[in-house]
Amino acid sequence: MSCGPIGIFDSGYGGLTILHGIRQVLPQYDYIYLGDNARAPYGSRSFEVVYQFTRQAVLKLFSMGCHLVILGCNTASAKALRSIQQRDVPRIDPSRRVLGIIRPTVEAIGDVTQTRHIGLLATEGTVKSQSYELEIRKLHPDIQVSGVACPLWAAIVEANEADSPGADYFVKKRIDQLMRLDHKIDAIILGCTHYPLLMSSIVKHVPSGVRIVPQGEYVANSLSDYLTRHPQIEQSIAQGGSCQYLTTESEEKFKECAQIFLHETVNPCHIDLR
């Protein structure tokens, strides 16, 4: 079997925080990041549309030699992952794998909360899907979850306004709303990959003693463990330490936004998924 890169897919730019976390832990592998930026955001789209778009991206990454694809997008993980794993991968190539980013966070949350009351800040699509609640119920049936949708947060980050007074206002508004739902919350999952870029404001408005759970480090550690447990997958990954960036939007736009998320200059290539 020929080796290929790890594919990381997101509807937008937030998955770059997942990519960054993974590369910090596993820098030896080759990566392809694919952003469907032209059709973002996915958060308010229907399950069927998110599935179709995500499937197109996964097929593209498979065609580029990826044996392992990470859906670095909460909405795609919530609305499309299971269908792709059960319906598409067995038919296309059972030796390939598609993983999401909700499960690793859920696995870790049991060690984070003392009160067994946690909060979720995410897109409308992720909150409505109840994917976090369902996964948490399977692993930690004693934990209660309260979720609040934050419809403007991702747009604020992509507009490079994360440090603005306006961002501060909307961050405080949603955190206050969440804490009113359940004052016993002692841990909050940031269920959107954009949200770590609002961390300075989030930390400022979260009550003392409440822990913030960004996903990057949990996903990276979970992937490292997964590859240790699945040597046949690990052996299918090229180890050149390279990273390629693909976007369905303009290359210039991607370059500008990648600078916000990665604080480095990248050279993306345009592709078409349709």
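Residues numbered from 1 in each chain as written. Predicted model: local features only at pLDDT ≥ 70, side-chain atom pairs only at ≥ 80, totals over all residues. Heavy atoms only, no water.

Now for helix H13 (residues 251-262). Because an α-helix packs 3.6 residues into every turn, residues spaced three or four apart end up facing the same way. The terminal C-alpha atoms of H13 lie 16 Å apart, and with 12 residues this matches the ideal 16 Å at 1.5 Å per residue to within 8%. Among all positions in H13, only Phe 254, Cys 257, Ala 258, Ile 260, Phe 261 and Leu 262 are buried. Mapping the buried residues of H13 onto a view down its axis gives an arc of 165°, with all of them on the same face. The elements touched by buried residues of H13 are helix H1 (15-25), strand E2 (31-35), helix H8 (153-158) and strand E9 (243-247). (Helix = DSSP H or I, 4+ residues; strand = E, 2+ residues; numbered from the N terminus. Expected span 1.5 Å × (residues − 1). Buried < 20%, exposed > 50% of the residue type's maximum accessible area, 1.4 Å probe, protein only. Arc of directions from axis to C-beta. Contact = heavy atoms within 4.5 Å.)

Turning next to the nonpolar core. With 52 residues, the main nonpolar core has Leu 16 and Leu 121 as its most contacted residues. Looking at this core element by element, the count peaks at 6 residues for H13. When sequence neighbours within four positions are dropped, the list of residues in contact with Leu 16 reads Tyr 33, Tyr 245, Phe 254, Ala 258, Phe 261 and Leu 262. In terms of nonpolar packing, the next biggest core, distinct from the first, is built from 24 residues, Ala 57, Ala 76, Ala 80 and Ile 271 among them. (Core = buried A, V, L, I, M, F, W, Y, C linked by side-chain atoms within 4.5 Å.)

Before going further, it helps to examine helix H11 (residues 216-229). Here H11 is 14 residues long and its end C-alpha atoms lie 20 Å apart, about the 20 Å a rise of 1.5 Å per residue gives. Those residues of H11 that sit buried are Gly 216, Tyr 218, Val 219, Ala 220, Leu 223, Tyr 226 and Leu 227.

Another point: the sheet that holds strand E1 (residues 6-10). Read across the sheet, 6 strands follow the order E4-E3-E1-E2-E9-E10 without closing on themselves; strand pairing throughout is parallel. One side of each edge strand has no neighbouring strand; the edge strands of this open sheet are strand E4 (97-99) and strand E10 (269-270). Relative to E4, strand E3 (residues 68-71) runs parallel, the two sharing 3 bridges. Bridge assignment links Val 69 to a residue of E4, and that residue is Val 98. Docked against the sheet, H1 engages E1, E2 and E9, running at close to 170° with respect to E2. (Pairing = 2+ DSSP bridges. Axes fitted to C-alpha atoms, helices over the stretch in contact; angles between N-to-C directions.)

Under the criterion given, the structure shown has 14 salt bridges. A salt bridge links Lys 128 to Glu 124, with the shortest nitrogen-to-oxygen separation between them at 2.9 Å. In this pair, Lys 128 and Glu 124 both sit in helix H6 (residues 124-129), 4 residues apart, roughly one turn of the helix. Lys 204 is the salt-bridge partner of Asp 168, the closest N and O atoms lying 3.2 Å from each other. Pair noted here: Asp 168 is in helix H9 (residues 165-181) and Lys 204 is in helix H10 (residues 199-205), with a separation of 36 residues, a long-range link. (Salt bridge = Lys/Arg side-chain N within 4 Å of Asp/Glu carboxyl O.)

For the rest of this paragraph, the subject is the packing of aromatic side chains. Geometrically, a pair of aromatic rings is defined through the distance of the ring centres and the angle of the planes. Counted under the stated rule, the structure contains 9 aromatic pairs. Ring centres 6.4 Å apart and planes at 50° place the aromatic pair Tyr 33 and Tyr 245 in the tilted group. Placement of Tyr 33 in strand E2 and of Tyr 245 in strand E9 is noted, with a sequence separation of 212 residues between them. The same class applies to Tyr 33 and to Tyr 245, which are both buried. Here Tyr 245 and Phe 254 contribute two aromatic rings whose centre-to-centre distance is 6.2 Å and whose plane-to-plane angle is 50°, an arrangement assigned as tilted. (Phe/Tyr/Trp six-rings, centres within 6.5 Å; stacked < 30°, edge-to-face > 60°.)

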